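So you can see what is in the structure, the chains are spelled out below.
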Amino acid sequence: MVQGTLLTPEVRNWVGKKSEWWTPPEPVERSEIRRFAEAIMDRNPLYMDDAYGKRSRYGTRIAPPTLVIRPPYGGEEARGPGERTFAIHVPGARRGVNAGNEVEIFRPVRPGDVVRQRSRVLEITEREGRSGRMVIIVFETVFVNQDDKVLAIGRQTGIRMP
């Protein structure tokens with residue numbers, strides 16, 4: 001078991017830091033919406049049928065709500081100068097697990113939308129668990145469209161342990 005705290009001043013200094021805005025290389029396409037809907041086995045005509053979407057309250061086909069969650073979560077596009085994602089080193093921590101994700105959806109993604117995202121470190125805490133000390137890191141990511149309208153806000157919690 002690690003003695004003392006894992007939450008060093010360097011780790012604490014990450015709280016509030018924001019990533020750069022990340023924009024994918026192309027807008028959301030109809031075929032991407034269809035493939036995503038098929039992958040999650042949701043054949044809702046709002047996601048599959050242009051004519052149906054046009055008659056809906058949205059006036060167009062829309063994407064399944066979770067389509068908004070896309071790279072740079074693990075995507076190679078996330079790497080490079082300025083680090084668009086966070087690599088927080090917690091001294092003494094050798095393991096990490098995803099402790100959960102939540103997403104608030106505010107408006108649908110439509111074909112042609114350019115979805116940009118920016119993350120920030122919301123909070124970092126330390127606590128004692130059954131396995132010993134752990135550091136809990138909460139990230140918040142805002143997803144906006146080309147008009148800077150918020151589409152969704154996602155929160156991801158990670159745990160780092162010795």
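The rules we used
- Residues numbered from 1 in each chain as written.
- Predicted model: local features only at pLDDT ≥ 70, side-chain atom pairs only at ≥ 80, totals over all residues.
- Heavy atoms only, no water.
- Buried < 20%, exposed > 50% of the residue type's maximum accessible area, 1.4 Å probe, protein only.
- Helix = DSSP H or I, 4+ residues; strand = E, 2+ residues; numbered from the N terminus.
- Pairing = 2+ DSSP bridges.
- Phe/Tyr/Trp six-rings, centres within 6.5 Å; stacked < 30°, edge-to-face > 60°.
- Lys NZ or Arg CZ within 6 Å of the ring centre and 35° of its normal.
- pLDDT = per-residue confidence, 0-100.
- Contact = heavy atoms within 4.5 Å.
- Polar contact = N/O pair within 3.5 Å; in protein donor to acceptor, adjacent residues only side chain to side chain.

Participant: I'd like a rundown of the pairing of strand β3 (residues 132-144), residues and numbers included.
Facilitator: Extensive coverage of β3 is indicated by the burial of eleven of its 13 residues. The loop that links strand β2 (residues 116-129) with its antiparallel partner β3 comprises two residues. With ten bridges connecting them, β3 and strand β4 (residues 150-161) associate as antiparallel partners. Each bridged residue has a counterpart across the sheet, and for valine 144 the counterpart in β4 is valine 150. Joining the antiparallel neighbours β3 and β4 is a turn of five residues, in which aspartate 148 adopts a positive phi near 60 degrees.

Participant: Account for the packing of aromatic side chains, with residues named and values stated.
Facilitator: In this structure the tally under the stated criterion is zero aromatic pairs. Between the NZ or CZ atom of lysine 17 and the centre of the ring of tryptophan 14, over which it lies, the distance is 5.4 Å. The side chain of arginine 116 reaches across the aromatic face of tryptophan 21, ending 4.4 Å from its centre.

Participant: An account of the confidence of the model for the protein is requested, with residue identities and associated values reported.
Facilitator: For the protein, mean pLDDT is 87; residues scoring 70 or higher make up 88% of the total. Scored below 50 in pLDDT, residues 73-84 makes 17 contacts in the model with residues more than four places away or belonging to other chains.

Participant: Can you break down the pairing of β4 residue by residue, with the values?
Facilitator: By the bridge criterion, ten bridges tie strand β1 (residues 95-105) to β4 in an arrangement that is antiparallel. Pairing of glycine 96 across the sheet is with arginine 160, part of β4.

Participant: Hey, could you go over the environment of arginine 57 for me, with residue numbers and the actual values?
Facilitator: Secondary-structure assignment places arginine 57 in the loop between α4 (50-55) and β1. Among the polar contacts made by the side chain of arginine 57, one reaches the side chain of tyrosine 58 at a distance of 2.6 Å.

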